[in-house]
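A structural walkthrough
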Amino acid sequence: MNENKIALVTGASRGIGAEIAKTLAKDGFDIWLNYRSNDIEAEKVKKEIESLGRKCLLLKFDVADYKNTESSLSPLLETQTPFVVVNNAGFRRDTLLIWMKPEEWKDVISVTLDGFFNITKTVLPSMLRNREGRIINITSAAAHFGVPGQSNYSAAKAGLIGATKSLAVEVAKRNVLVNAVSPGFIETDMLEGLPMEQILKTIPLGKSGKARDVADMVSYLASDKAGYITGQVFQVNGGIGA
Ligand code: NAP
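A brief report on the enclosed structure follows. Just so it is clear, the model here is predicted, and its values are computed rather than measured. (Residues numbered from 1 in each chain as written. Predicted model: local features only at pLDDT ≥ 70, side-chain atom pairs only at ≥ 80, totals over all residues. Heavy atoms only, no water.)

Focus on the sheet that holds strand S2 (residues 30-35)
Formally: Here, strands pair whenever DSSP counts at least two bridges between them. Strands are runs of DSSP state E lasting at least two residues, helices are runs of H or I lasting at least four, and both sets are numbered from the N terminus onward. Between the N-to-C directions of two axes lies an angle of 0 to 180 degrees, each axis being a line fitted to C-alpha atoms and, for a helix, fitted only over the stretch in contact.
The 7 strands are arranged S3-S2-S1-S4-S5-S6-S7 in an open sheet whose pairing can be described as parallel. A single partner strand is all that each edge strand has here, and the edge strands are strand S3 (56-60) and strand S7 (233-236). Across the sheet, the axes of successive neighbouring strands diverge by a mean angle of 15 degrees, strand direction being ignored. Pairing between strand S1 (residues 6-9) and S2: 4 bridges, direction parallel.

Topic: the site of the ligand
Defined as follows: For this description, a residue counts as near a given molecule or strand if any of its non-hydrogen atoms is within 4 Å of it. In the analysis that follows, any N or O atom pair within 3.5 Å is treated as a polar contact, provided that within protein one partner can donate a hydrogen and the other can accept it, and provided that, for residues neighboring in sequence, both atoms belong to side chains. For every accessible area listed, the method is Shrake-Rupley and the probe measures 1.4 Å; residues are considered covered only by the protein chains on display.
For the ligand, the set of nearby residues contains 31 residues, the closest of which are Ser13, Ser37, Asn88, Tyr153 and Thr188. At a separation of 2.8 Å, a nitrogen atom of the ligand approaches a polar side-chain atom of aspartate 62. In the model, an oxygen atom of the ligand is placed 3.3 Å from a nitrogen or oxygen of the glycine 184 main chain. Bound to the protein, the ligand loses 96% of the 910 Å² it would expose on its own.

Quick notes on the side chain of lysine 157
Spelled out, the test is: Burial here depends on accessible area, computed with a 1.4 Å probe over protein chains only, as a share of the maximum for the residue type. Under 20% is buried, over 50% is exposed, and the range in between is partly exposed. Note that His is not counted, nor are the chain ends; the positive residues are Lys and Arg, and the negative ones are Asp and Glu. Note on definitions: salt bridges are taken to be side-chain nitrogens of Lys or Arg within 4 Å of carboxyl oxygens of Asp or Glu. Contacts are assigned to residue pairs with any non-hydrogen atoms lying within 4.5 Å of each other.
Residue placement: lysine 157 occurs in helix H5 (residues 151-171). No salt bridge is formed by the buried lysine 157; the nearest opposite charge belongs to aspartate 94, separated by 11 Å. For lysine 157, the side chain forms a polar contact with the main-chain oxygen of isoleucine 138, separated by 2.9 Å. When sequence neighbours within four positions are dropped, the list of residues in contact with lysine 157 reads Thr112, Ile138, Thr139, Ser140 and Ala143.

Describing unusual backbone geometry
Positive phi is not limited to glycine here, since arginine 131 has a value of about 55 degrees. Structurally, arginine 131 is set in the loop between helix H4 (102-130) and strand S5 (133-138). Note on arginine 131: relative accessible area 49%, which makes it partly exposed.

In structure tokens, the structure reads:
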């Protein structure tokens, strides 16, 4: 059990992030739950976490904005430090590169990569001082395999894998472990508009995944069982690319 330990999960009002937050709460963590806009869904997740007997603090800010990230987290970090940080917030703006607007490129890159930097940079000094911590970055199958219309998203998620590996090496001596989880096609709002009938034919297990499948991998990486694992990428994708 992880009584009184804290897990900060970004983008946790819905989808994979919400499931990760609830799973880590079941594992015994109190949750700092970040989201950008959806108050109603965030409140629902908070209630579910509280019904498990854990605390849940809602932190509404845009992870792509350094000042907001810093000013939301710094006062909390004066007295508490999360043991786990899950950089999960992300979004897609799919279009072929030839049609892509500069803001569609920048916004997608920014939520994933600036989001990772802003959150991690803010929390890391406290983790290093504590000489323990787990940073888990949610990347994507799009980082490994070409998907038309996702050059912005693929670049962001591949970049996140690079950052995961470099940071893992930087902070290993302080017992802070940094890994990435790379989901395939997981049933959330994010799949809206994708040609699932065609996509299912490319998945060896023949089905899309559930948010739970990703949350269980995060739960493992946050646990005592994963104390000798760092700098790795774990694909949760039904066998795509095997
Ligand atoms: P989702 O259902 O669209 O949920 C996205 C979550 O991220 C929401 O809670 C949203 O908050 C939050 N968010 C978005 N931008 C944010 C920002 N700038 N600051 C703070 N929070 C922000 O997405 P999902 O499918 O759960 O995806 C979660 C992660 O898994 C993403 O990184 C995604 O790229 C990755 N992933 C998903 C799949 C998939 O098949 N679903 C596959 C591979 C990777 P609000 O709703 O409150 O605005």
